[in-house]
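Working through the structure, step by step
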Amino acid sequence: MKQYNVGILGATGMVGQRFATLLAEHPWFRVKVLAASPRSAGKTYEEAVGSRWAMTVPMPESLKGMVVRDLNAEKEAIASEVDFVFCAVDMKKDEIRALEESYAKLECPVISNNSAHRFTPDVPMVVPELNPEHIEIIEAQRKRLGTKRGFIAVKSNCSIQSYVPALHPLREAFGLTKVLACTYQAISGAGKTFETWPDMVDNLIPFIGGEEEKSEQEPLKVWGTIENGEIVKATVPSITTQCLRVPVSDGHTAAVFASFEKKPTKEQILELWQNFKGIPQELELPSAPKQFIHYFEEDNRPQAKLDRGLEGGMAVSVGRLREDTQYDYKFVCLSHNTLRGAAGGGVLLAELLAAKGYFD
Ligand SMILES: NC(=O)c1ccc[n+]([C@@H]2O[C@H](COP(=O)([O-])OP(=O)(O)OC[C@H]3O[C@@H](n4cnc5c(N)ncnc54)[C@H](OP(=O)(O)O)[C@@H]3O)[C@@H](O)[C@H]2O)c1
């Protein structure tokens, strides 16, 4: 496989640090640029991150001495030095939208973890196992932007990465009509640790700004279809959610209830989960989990602490499948929010795009 030079915009943040650890040894991608705000620019990566390093593994030696660049002021230079960038920044939505579009217009593709472009109709929002065909919209987007190489592709919000994969094969086989999901989300999803957010120890906060809207709307785009150069959202299932912040460092859990046009048997559901494979598994992309959905028979699994790291944090764990009195079935899902749900999902999307020639 060809090697690509990459940049990380927002490299000093929580998701950026994940990108740094995942990419330091990546077989296809070489980190050439680390960029962040003017506060970090000009310092080495080690100095700029300082005590904010939140990963359980040490900062990669190869990146420690790299000088952090200013992602706004040095756009042209950065875009000319790399084949594409990963982007995870904490800025105002309209600023992020403009930033990502300006990199794309400089012919530098952007793989984004931010929500700013998730509902731009010609920007694909991809979970590589579920809707890889949406990357075909990139041709229409390039026409709109007037670019030859540049484009924006985004990954979905971390909250939906746990339950939408489990619902996906059931939706295709049995027609999903109604979903209720309550999510129990880790503090790293807010870019925090227990050190930086001590109020979360022994606590639960029943509100995460904007999360319920994302959790209800984003699955419909993932399940949408390409029509006339736009991704048109699916109209079913109807989805309702409640999203809570819980005292867990990493790993978002979802308690899910679902009803179908044709109610499957429990065995049919388990068989679909067991056999579910997507393009990442078929192409054996470097970050793809071998088994995407792992089902646990034990009543007390999946557990965030025990199971979030399954297959490098890229698999989805499911358990407690049983019939419900109001919906057809209920079950519990878990995924690692900063791996599968953020940086890992972004890297897997980039691998899919690389394998399909979108960076050439
Ligand atoms: N954490 C998660 O689990 C998760 C999951 C999915 C998506 N996301 C999304 O990913 C993005 C980043 O999240 P995070 O948790 O990594 O945030 P974070 O830890 O607060 O990091 C923010 C990054 O943005 C940079 N930044 C902030 N203001 C800037 C400015 N005015 N100009 C240029 N750079 C600026 C920071 O640079 P300095 O260090 O120089 O200030 C830092 O690198 C957000 O859009 C978030 O919604 C997060």
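Just above, that's the structure.
Computed from a predicted model, the values in this text were never measured in an experiment. (Residues numbered from 1 in each chain as written. Predicted model: local features only at pLDDT ≥ 70, side-chain atom pairs only at ≥ 80, totals over all residues.)

1. Let's talk about the packing of helix H1 (residues 14-23) against helix H13 (residues 339-355)
What counts here: Axis geometry follows a simple rule: fit a line to the C-alpha atoms, using only the stretch in contact for helices, then measure angles between N-to-C directions, giving values from 0 to 180 degrees. Counting from the N terminus, the helices are DSSP H or I runs at least four residues long and the strands are E runs at least two residues long. Comment on the angle field: the value is read as roughly parallel under 35 degrees, roughly antiparallel over 145, roughly perpendicular from 65 to 115, and oblique elsewhere. Should the near helix be turned counterclockwise from the far one by less than a right angle, the crossing is left-handed, whereas a clockwise turn marks it as right-handed. In this description, any two residues whose backbone-derived C-beta atoms lie within 7 Å of each other are considered to be in contact. Lys, Arg, Asp and Glu make up the charged group, whereas Ala, Val, Leu, Ile, Met, Phe, Trp, Tyr, Cys and Pro make up the nonpolar group; the residues left over, Gly among them, are polar.
Where H1 contacts H13, the axes come no closer than 9 Å and their chain directions differ by 50°. Between H1 and H13, the angle falls in the class oblique. When you trace H1 past H13, the crossing you get is right-handed. Within the contact between the two elements, H1 uses Val 15, Arg 18, Phe 19, Leu 22 and Leu 23 and H13 uses Leu 339, Ala 342, Ala 343, Gly 344 and Val 347. For the contact of H1 with H13, the residue count by class is eight nonpolar, one polar and one charged.

2. Considerations on the pairing of strand S1 (residues 4-9)
Put simply, the test is: Here, a strand pair is defined by DSSP locating no fewer than two bridges between the strands.
Here S1 pairs with strand S2 (residues 29-36) via six bridges, running parallel. Among the inter-strand pairings, Val 6 is bridged to a residue of S2, identified as Val 31.

3. Some points on the sheet that holds strand S10 (residues 238-245)
Taking strand neighbours across the sheet as the criterion, the six strands line up as S10-S7-S11-S14-S13-S12 in an open arrangement whose pairing is mixed. Every other strand in the sheet has two partners, leaving S10 and strand S12 (293-296) as the edge strands with one partner each. For this sheet, the mean angle separating the axes of adjacent strands, direction not counted, is 20°. Relative to strand S11 (residues 252-260), strand S7 (residues 176-185) runs antiparallel, the two sharing eight bridges. From the neighbouring strand, Leu 180 faces S11, where its bridge partner is Phe 257. Docked against the sheet, helix H7 (residues 160-174) engages S7, S11, S12, strand S13 (316-323) and strand S14 (329-335), running at close to 20° with respect to S11. Of the strands in this sheet, S7 and S10 touch helix H8 (residues 211-222), which is tilted by about 145° from S10.

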